[in-house]
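Chain and residue survey
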Amino acid sequence: MKNLTKQYETAKRNSIEFMKNGQITAYFNALLEMKKYKQLMVAIVAN
């Protein structure tokens with residue numbers, strides 16, 4: 001769980017940087033990565 005949280009936070013920081021730099025495609029990819037980690041964390045908590 002700790003590992004997923006770190007990966008989620010890294011993707012979040014990356015998405016913010018991509019948004020600031022105007023890199024739209026990279027921003028959306030980072031958001032998708034965040035979604036993936038969030039779903040994994042929710043699945044772990046649910047079990």
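Residues numbered from 1 in each chain as written. Predicted model: local features only at pLDDT ≥ 70, side-chain atom pairs only at ≥ 80, totals over all residues. Heavy atoms only, no water.

Describing the nonpolar core
Leu4, Tyr8, Ala11, Met34, Tyr37 and Met41 form the largest nonpolar core, which has six residues in total. Of all the secondary-structure elements, those providing two or more residues to this core are helix H1 (2–21) and helix H2 (24–46). (Core = buried A, V, L, I, M, F, W, Y, C linked by side-chain atoms within 4.5 Å. Buried < 20%, exposed > 50% of the residue type's maximum accessible area, 1.4 Å probe, protein only. Helix = DSSP H or I, 4+ residues; strand = E, 2+ residues; numbered from the N terminus.)

Re H2
Over its 23 residues, H2 extends 33 Å from the first C-alpha to the last, a length consistent with the 33 Å expected when each residue adds 1.5 Å. Among the residues making up H2, those that are buried are Tyr27, Ala30, Met34, Tyr37 and Met41. Structurally, H2 contributes buried residues whose contacts are with H1. (Expected span 1.5 Å × (residues − 1). Contact = heavy atoms within 4.5 Å.)

Here's the deal with the packing of aromatic side chains
According to the stated counting rule, one finds one aromatic pair in the structure shown. Each ring, one from Tyr27 and one from Phe28, has its centre 5.6 Å from the other, and the planes form 45°; the classification is tilted. (Phe/Tyr/Trp six-rings, centres within 6.5 Å; stacked < 30°, edge-to-face > 60°.)

Comments concerning the packing of H1 against H2
For the pair H1 and H2, interaxial distance at closest approach is 8 Å and the crossing angle is 160°. It follows that H1 is roughly antiparallel to H2 by the angle criterion. The hand of the H1/H2 crossing is left-handed. Only Ala26, Tyr27, Ala30, Leu31, Glu33, Met34, Tyr37, Lys38, Leu40, Met41 and Ile44 of H2 make contact with H1, whose side of the interface consists of Leu4, Thr5, Gln7, Tyr8, Ala11, Lys12, Ser15, Phe18 and Met19. For the contact of H1 with H2, the class distribution of residues is 14 nonpolar, three polar and three charged. (Axes fitted to C-alpha atoms, helices over the stretch in contact; angles between N-to-C directions. Parallel < 35°, antiparallel > 145°, perpendicular 65-115°, else oblique. Left-handed = near helix turned anticlockwise from the far one by under 90°. Nonpolar A, V, L, I, M, F, W, Y, C, P; charged D, E, K, R; others polar.)

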